[in-house]
Amino acid sequence: MAVSTILRTVKQAIWLGWKIDTNWADPLVFAIYYLIRPLAGLLIVGFIFLIGSGVAGTFNPDYFAFMFIGNSFFIYVVQIMMSMSILIHEDRSHYEVLRHIYLTPGSLRWYILGRALNGVLNATVSLILTLGFGLLIFQVLLGVQMSINWWGIDFPLLALSLFIGMFCFLALGFMLCGINIMTSRVQFMLTEYVSGTLYLFGGVVFLPEILPSWGQAITNALPITYFLRGIRFAILHQAGFDVQTNLLYLVLTTVGAVILGLGVFKIAEHKARKDGLIDRKEEY
Amino acid sequence: MKLPHSIETRDLTRIFKSKNETVKALDKVSLSIEEREIFGLLGPNGAGKTTFIKILTTLLLPTNGEAYVGGFNVIKEPDRVRKIISLVSGGETPGYGILSVRENLWFFSQLYGLSSTAAREKIKRLMADLDFEEYANTRMAKLSTGYRQRLNLARGLLSGPNILFLDEPTLGLDVLTAKKLRSYIVDWAKKEAKGTVLLTTHYMAEADEMCDRVAIIDRGRILACDSPSTLKENLKQKQIMRVEIASVQADFGFIDKMADVIGYSQTRNIQTGTTTLKIMVDNETAFAKIMRQLEKLKILSVSKAEPTLEDVYISLVGRGFEEGEASTSA
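Residues numbered from 1 in each chain as written. Chains lettered and ligands numbered in written order. Predicted model: local features only at pLDDT ≥ 70, side-chain atom pairs only at ≥ 80, totals over all residues. Heavy atoms only, no water.

Draft legend 1. Summary view of the domain arrangement of chain B. Each assigned domain of chain B is listed with its residue range as follows: domain 1 (7–231) and domain 2 (237–306). The C-alpha centroid of domain 2 of chain B is placed 36 Å from the C-alpha centroid of domain 1 of chain B. (Domains from an automatic or database assignment.)

See the structure below:
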């Protein structure tokens with residue numbers, strides 16, 4: 001397939017994703033929703049932490065920063081998985097155009113990638129807004145101490161961790177797309193199961209060390225663990241952290257996720273052709 | 001392996017299995033369609049037409065047999081097939097309801113890999129040719145059925161396909177829009193260097209008007225394949241009578257059991273309270289016997305009919321399309 005066709009497909013899919021995301025509301029309402037949705041998640045966890053610390057009589061600024069960063073960057077998982085999981089059902093059953101996209105030389109995979117990249121862009125904007133308003137609320141208004149040196153961020157490491165992490169989340173998104181092609185009406189449930197598992201075992205808001213040994217084994221197999229560790233080190237610079245080993249594990253687990261994600265998608269595509277699932281009619 | 005035909009199938013078979021039943025939607029279908037030919041696949045709902053098109057457009061795999069489109073194997077070379085085909089179905093959503101007509105066409109033009117200049121020119125021309133330029137900035141969701149189908153056809157022609165698959169393209173359209181689309185498709189096939197059209201329909205007049213050749217399909221099997229005129233010519237020896245009766249509840253099952261009856265169809269009109277029978281017999285004696293039975297009912301008119309493609313279907317299957325649809329589950 002021509003590179004220009006791939007680029008045009010990806011570009012149009014990003015544009016379409018944006019149109020679909022923003023279509024349901026006035027721009028102002030959408031902007032408020034855009035900010036409130038991720039910020040609400042952070043505020044809930046932040047206030048639970050602060051109340052718990054108040055009851056216990058101790059406050060750990062390192063741990064608050066751990067939770068703050070983990071919860072903020074988890075938005076990538078939620079946004080990418082949700083956008084990729086929903087699009088198959090949306091395009092197949094609601095808009096009824098999936099089969100025409102499937103039949104274009106632009107290919108369904110590149111189209112899905114474009115829609116997912118729209119999710120990445122949305123997540124990046126949400127992340128920036130969440131970090132900004134989170135700091136304003138917790139650090140400026142409430143005077144909460146966080147051991148974050150915003151001027152000492154290791155941007156190359158941050159960018160590298162984000163870059164590799166995106167491959168991983170996109171691959172898991174393709175896995176969800178594949179499962180959604182083969183099934184009907186499980187898109188929301190499926191996204192919640194997968195992102196819930198990553199939230200629980202990925203060291204998002206608490207240290208994995210408090211999990212039982214089997215739980216820690218799951219933690220060590222998940223790429224999000226190494227993704228968040230890399231992000232946190234780039235921002236928090238914890239002592240005794242082995243950057244290179246973490247990057248190696250991030251790459252290895254990401255390669256595993258890519259093989260799994262694209263493998264499931266390929267199987268799903270074949271099954272879809274075998275059973276006529278690409279244009280299956282179902283209630284939306 | 002390259003083949004000279006635009007479309008060729010060999011013993012194409014598709015079986016659908018579910019928990020309770022197994023349906024043979026296509027049963028060893030072998031067809032060859034030439035370049036620049038408008039080929040019609042005619043049959044009642046559930047005959048296997050859409051399954052046939054889905055396999056040729058790479059949406060579905062066959063259970064057995066081979067199929068080639070533009071010389072490419074649809075099973076092994078789906079990507080190459082997709083580059084030269086387009087699919088337009090009747091009654092389907094032609095794009096995203098939230099996008100305007102122009103935005104929808106632009107979106108698909110980019111997925112087809114058209115350059116910006118070529119896409120703009122082609123979109124403008126197609127909207128003008130199909131007469132819906134004034135709706136360019138209207139959201140697709142607000143279009144009427146007729147204009148949606150114009151948009152759908154424009155989307156299908158954007159990529160400049162060699163082979164156009166039309167699955168019941170005029171389904172649910174008003175007479176004028178259907179006529180316009182039919183004449184546009186015929187013109188397109190004449191103008192395009194490799195413009196092959198495979199049309200599925202259960203409208204006899206549509207197949208008769210548009211197609212160079214027609215295959216009649218029933219329950220997954222091809223029963224006849226030739227030009228419409230030749231198919232009808234073969235019925236010249238038969239007697240075809242049209243009888244209008246003032247009843248929609250009468251049972252005409254006895255006709256089938258009578259000697260020298262080839263077949264019949266019935267069209268019930270609830271609004272007028274009438275049933276129109278089309279009866280095909282080998283000789284006039286057989287028809288006289290039927291009329292004696294029908295005299296018990298109120299007969300409004302009796303006339304001799306010229307053979308149509310539906311009569312070809314009746315002569316092959318022994319019943320009309322409506323009866324076929326009622327008794328077919330595929």
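Draft legend 2. Highlighting the sheet that holds strand β14 (residues 299–304) of chain B. Residue and element names in this part refer to chain B. The antiparallel open sheet is built from four strands, whose spatial order is β12-β13-β11-β14. Two strands close off the open sheet at either side, each with one partner strand: β12 (261–269) and β14. Going across the sheet, the axis of each strand differs from the next one's by a mean of 15°, ignoring polarity. Bridge count between strand β11 (residues 239–245) and β14: five bridges; the pairing is antiparallel. For E244, the partnering residue across the bridge sits in β14 and is S301. Along the sheet, helix α10 (residues 284–294) contacts β11, β12, β13 (274–281) and β14; its crossing angle with β13, the most-contacted strand, is approximately 155°. (Pairing = 2+ DSSP bridges. Helix = DSSP H or I, 4+ residues; strand = E, 2+ residues; numbered from the N terminus. Axes fitted to C-alpha atoms, helices over the stretch in contact; angles between N-to-C directions. Contact = heavy atoms within 4.5 Å.)

Draft legend 3. Quick peek at the interface of chain A and chain B. The partner chain B presents 36 residues to the 31 residues of chain A that form the contact. In total, about 3100 Å² of surface goes out of reach between chain A and chain B, with carbon and sulfur atoms giving 59% of it. Area buried by chain A at its contact with chain B is led by R8, L103 and R273 of chain A, which between them contribute 25% of it. At the junction of chain A and chain B, the tally comes to three salt bridges. Its salt-bridge partner being E92 of chain B, residue R99 of chain A comes within 2.7 Å of it at the nearest N-O pair. (Buried area = accessible area lost by both parts, 1.4 Å probe. Salt bridge = Lys/Arg side-chain N within 4 Å of Asp/Glu carboxyl O.)

Draft legend 4. View of the state of the cysteines. All told, the structure shown has zero disulfides over all chains when counted by the stated rule. Here C177 of chain A stays free of any disulfide, with the sulfur of C168 of chain A as its closest cysteine sulfur at 15 Å. (Disulfide = S-S within 2.5 Å.)

Draft legend 5. Summary view of the side chain of E92 of chain B. Relative to the helices and strands, E92 of chain B resides in the loop between β6 (85–89) and α3 (101–111). Residue classification places E92 of chain B among the buried positions, given a relative accessible area of 11%. Polar side-chain contacts of E92 of chain B include one of 2.8 Å to the side chain of N152 of chain B. The contacts of E92 of chain B, once residues within four sequence positions are left out, are R99 and H100 of chain A together with L87, N152 and R155 of chain B. (Buried < 20%, exposed > 50% of the residue type's maximum accessible area, 1.4 Å probe, protein only. Polar contact = N/O pair within 3.5 Å; in protein donor to acceptor, adjacent residues only side chain to side chain.)

Draft legend 6. Just the packing of aromatic side chains, in detail. Tallied over the entire structure, the rule returns 20 aromatic pairs over all chains. Between Y95 of chain A and Y96 of chain B, the aromatic rings sit 4.8 Å apart at their centres with planes inclined by 55°, giving tilted as the arrangement. Highlighted residues: Y95 of chain A in the loop between α4 (75–94) and α5 (98–102) and Y96 of chain B in the loop between β6 and α3, drawn from two different chains. Judged by its relative accessible area of 9%, Y95 of chain A falls in the buried class. Its relative accessible area of 0% is what places Y96 of chain B among the buried residues. Aromatic rings pair up to connect F47, F49, Y63, F64, F66, F68 and F138 of chain A into one cluster. In this structure, R82 of chain B packs its charged tip against the face of Y102 of chain A, placed 4.3 Å from the ring centre. The lysine or arginine in question, R150 of chain B, covers the ring of Y147 of chain B, its NZ or CZ lying 4.5 Å from the ring centre. (Phe/Tyr/Trp six-rings, centres within 6.5 Å; stacked < 30°, edge-to-face > 60°. Lys NZ or Arg CZ within 6 Å of the ring centre and 35° of its normal.)

Draft legend 7. Geometry of a nonpolar patch on the surface. All names here are of chain A. A surface patch of nonpolar side chains, amounting to about 790 Å² of accessible area, comprises F47, I51, V55, F133, L136, V140, L141 and L142. Those elements that provide at least two residues to the nonpolar patch are α2 (27–56) and α6 (108–141). With four residues, α6 is the single largest residue contributor to the nonpolar patch. Examined against the element boundaries, L142 turns out to sit in the loop between α6 and α7 (155–182). (Patch = residues over 30% accessible without salt bridge, like charges linked within 9 Å, V, L, I, M, F, W, Y side chains within 5 Å. Areas by Shrake-Rupley, 256 points an atom, 1.4 Å probe, with all protein chains shown as cover.)

Draft legend 8. Seen up close, the sheet that holds β6 of chain B. Residue and element names in this part refer to chain B. Read across the sheet, six strands follow the order β6-β7-β8-β3-β9-β10 without closing on themselves; strand pairing throughout is mixed. Whereas interior strands pair on both sides, the edge strands pair on one side only; in this sheet they are β6 and β10 (221–226). Within the sheet, the average angular offset between the axes of one strand and its neighbour, ignoring direction, is 15°. In this structure, strand β7 (residues 163–167) lies alongside strand β8 (residues 196–201), joined through five bridges in parallel fashion. In the strand pairing of β8, L166 is matched with L199. Packed on one face of the sheet, helix α5 (residues 145–158) meets β6 and β7 and runs near 170° to β6.

Draft legend 9. Local environment of the pairing of β13 of chain B. Residue and element names in this part refer to chain B. Counting buried positions over the eight residues of β13 gives seven, a clear majority of the element. Summarising the sheet, β11 and β13 pair through seven bridges and their orientation is antiparallel. Bridge pairing in β13 links M241 to I279. Note: β12 against β13, eight bridges, orientation antiparallel. Residue pairing for β13: Y264 is matched across the bridge by I279. Linking β12 to β13, which pair antiparallel, is a turn of four residues; within it G273 sits at a positive phi near 70°.

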